[in-house]
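Structure assessment
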Amino acid sequence: MNESLAPPVVWYEGLARYQQRGIAHVLATVVAVNGSAPRALQAKMIITQDNIVDTLGGGGLEHDVINTARQLLNGEIAATVTKEVKPKVAETDGESTLIPSKAVRRDAVYTKHYPLGAKLAQCCGGSVTVMFECFNVTPPMSVLVFGAGHVASALMTILAELPCQVDWVESRPEMFKRYLVDESTTNQSKLYNLPAHIRPHIDDEPVDFVRPFIEQGGQRFILVMTHDHSVDFELVRAALDTISDTSSSDDQCSDTLIPYIGCIASATKAKRFRDRLMQRGYSEQLVNQLVMPIGLQIGGKEPMAVAVSIVAQLLQQYHQAIS
C-alpha cells in the first residue's frame, strides 16, 4: 500500500480512497436539522480507525460522531435496536440537554439524534440527526498472485471490478510493461494503469511475499501461476511451511485462518507436486490444503475461461466463510 499519497481533504475523496483500498470506514451524514446547527443538511464526513476526513462542524457534536463511528467499526454498540429519539420543540431549550442520544441499528446503517445544548458543550440551540453508514467492516478478499502470464492478466480484468485487495508479484519487469503509463515517471501511484486496489510488484525473490501475507491473518487467497514450475513448487512449499509454523505457534492470532493456496496445474503437475511434497516429509493433511488444479470445473481452457473459474472459486469460499 502506498502511503505517500496526500491525505484526502473532502469526504468524497476519502470515500473513494477507502473504498478502493478496502479500508473499514464510516460515512456520517446529517440527515435532519432542527433550528440552528453547525452544518447544513447532507453535510458529510468520513471516519476510519485512524483518520477523519471533512467535518460536521467540530466541537462536541463531531467528537461524539467520531466516537460513535469507531464504536460501530469495533462492534462495540449493542445490536439491540432502540427507538430513535425524534426531534421535539422542547429540545431547542436548555432542558433538552438532559435527553440522552440513542443509536438505532438498521443492518449497516445507524442513526443518532443530537440536541445541540450543554451536554455537547454547544449552544446552537437546534438539533441534528446523523446517519452512520459502515463500509468494509468485513474485510474484502485479500489475494496474492504470483505470475503475470495470460491467465493472470485475464484474472486482473475480473478482479479490477471486484471489492478486493490484490498484490501481484512477477520477477520479469517486461510482463508489466503493457500496464505502464509512462516509463519515465517516478510517482509509483501513477506508474501503472491499474486500479488502486491492484498493486504490482517486481521482485526476484517472490517467495519473500508469502509469509508476511499469511501472517496478517484473516481470509487470504494465494494463487501460484508463474512461468517456472520450480518457482511454483518453492512458493507452494513456503505457503505450507508458514501454515505449519502458524498453526503450531503458541502465540497464534485468533483471527488467523488457513489461507486458500491454489496452484495452476494439469493433473500430471498436480500429482508430481503432491508426491514431491510427501517425499519431503509434509503430512498428507497439510498437503491436502493445496488446491491443484485451481478453479471450479466449468470447462474451457482459454485464459479468460480459466480466470473466470478461479474467481468463481475464490468468491464461493470467501462468501461461505463470512455468511
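The preceding data block contains the structure.
Please read all numbers here as calculations on a predicted model, not as lab measurements.

1. Digging into the overall build of the protein chain
The number of helices and strands found in the protein chain is 8 helices and 12 strands. Within the protein chain, counting contacts between residues at least 6 apart in sequence, those at least 24 apart form 59% of the total. Of the roughly 16700 Å² of accessible surface on the protein chain, 52% is carried by carbon and sulfur atoms.

2. A few points about the pairing of strand 5 (residues 109-115)
Within strand 5, 6 of the 7 residues are buried, which leaves the element mostly enclosed by the surrounding structure. As judged from the 7 bridges shared by strand 5 and strand 6 (residues 127-135), these two strands associate in the antiparallel manner. Within strand 6, the position partnered with Tyr114 by the bridge is Val128.

3. Points about the nonpolar core
In this structure, Val145, Leu155, Trp168, Leu223, Met225 and Ile310 are the most contacted members of the largest nonpolar core, which totals 32 residues. Elements with a contribution of two residues or more to this core: strand 7 (141-146), helix 3 (150-159), strand 8 (164-170), strand 10 (220-224) and helix 8 (303-322). Each residue touching Met225, except ones within four places of it in the same chain, is listed here: Val145, Phe146, Gly147, Val151, Ala152, Leu155, Asp232, Ile264, Ile294 and Ile310.

4. Observations regarding the pattern of salt bridges
Across all of its chains, the model carries 8 salt bridges by this definition. Its salt-bridge partner being Asp167, residue Arg199 comes within 3.1 Å of it at the nearest N-O pair. Note that Arg199 is positioned in strand 9 (residues 198-202) and Asp167 in strand 8, a separation of 32 residues in sequence. The buried category is assigned to Arg199, whose relative accessible area is 16%.

5. Focus on helix 1 (residues 11-21)
Owing to its 3.6 residues per turn, the α-helix brings residues three or four apart onto one side. Considered for burial, the residues of helix 1 that qualify are Gly14, Leu15, Arg17, Tyr18 and Arg21. Residues of helix 1 that are buried in the fold lie against strand 1 (25-34), strand 2 (44-47), strand 3 (52-53) and strand 8. Positioned one or two residues after helix 1, Gly22 has a phi angle of 70°, which is positive.

6. Quick look at helix 8
Between its first and last C-alpha atoms helix 8 spans 29 Å; for 20 residues at 1.5 Å apiece the expected length is 28 Å, and the two agree. Buried residues of helix 8: Ala305, Val306, Ala307, Ser309, Ile310, Val311, Gln313, Leu314 and Tyr318, and no others. Packing partners of the buried residues in helix 8 comprise strand 7, helix 3, strand 10, strand 11 (260-263) and strand 12 (290-291).

7. Focus on the side chain of Thr48
With respect to the helices, strands and loops of the structure, Thr48 is situated in the loop between strand 2 and strand 3. Within polar-contact distance, the side chain of Thr48 engages the backbone nitrogen of Asp50 at 3.2 Å. In contact with Thr48, other than residues within four places in its own chain, are Tyr18, Ile23, Ala24, His25, Arg70 and Leu73.

8. Observations regarding the packing of helix 3 against helix 8
Look at helix 3 against helix 8: their axes get within 8 Å of each other, and the N-to-C directions meet at 55°. The angle between the axes of helix 3 and helix 8 places the two elements in the oblique class. With respect to the hand of their crossing, helix 3 and helix 8 are arranged in right-handed fashion. The segment helix 3 lies against helix 8, with His150, Val151, Ala154, Leu155, Thr157, Ile158 and Leu159 engaging Pro303, Met304, Val306, Ala307, Val308, Ile310 and Val311. Of the residues that constitute the contact of helix 3 with helix 8, the class distribution is 12 nonpolar, 2 polar and no charged.

9. Comments concerning the sheet that holds strand 9
Pairing within the open sheet is parallel, and its 6 strands lie in the order 9-8-7-10-11-12. Each edge of the open sheet is held by one strand with a lone partner, namely strand 9 and strand 12. Pairing between strand 11 and strand 12: 2 bridges, direction parallel. The residue bridging Gly262 from the neighbouring strand is Val291, located in strand 12.

10. Side note on the environment of Val308
Secondary-structure assignment places Val308 in helix 8. Along the chain, Val308 and Leu296 lie 12 residues apart, while their C-alpha atoms are 8.7 Å from each other. Ignoring anything within four residues of it in the chain, the contact list for Val308 reads Ile158 and Ile298.

11. Quick word on unusual backbone geometry
Residues Met292 and Pro293 are joined by a peptide bond in cis, for which omega reads -5°. Looking at the secondary structure, you find Pro293 in the loop between strand 12 and helix 8. Non-glycine residue Asp54 carries a positive phi angle of around 75°. Residue placement: Asp54 occurs in the loop between strand 3 and helix 2 (59-74).

Quick notes on the rules
Residues numbered from 1 in each chain as written. Predicted model: local features only at pLDDT ≥ 70, side-chain atom pairs only at ≥ 80, totals over all residues. Heavy atoms only, no water. Helix = DSSP H or I, 4+ residues; strand = E, 2+ residues; numbered from the N terminus. Contact = heavy atoms within 4.5 Å. Areas by Shrake-Rupley, 256 points an atom, 1.4 Å probe, with all protein chains shown as cover. Buried < 20%, exposed > 50% of the residue type's maximum accessible area, 1.4 Å probe, protein only. Pairing = 2+ DSSP bridges. Core = buried A, V, L, I, M, F, W, Y, C linked by side-chain atoms within 4.5 Å. Salt bridge = Lys/Arg side-chain N within 4 Å of Asp/Glu carboxyl O. Expected span 1.5 Å × (residues − 1). Polar contact = N/O pair within 3.5 Å; in protein donor to acceptor, adjacent residues only side chain to side chain. Axes fitted to C-alpha atoms, helices over the stretch in contact; angles between N-to-C directions. Parallel < 35°, antiparallel > 145°, perpendicular 65-115°, else oblique. Left-handed = near helix turned anticlockwise from the far one by under 90°. Nonpolar A, V, L, I, M, F, W, Y, C, P; charged D, E, K, R; others polar.

All quantities given are derived from atomic positions and should not be read as evidence of function.
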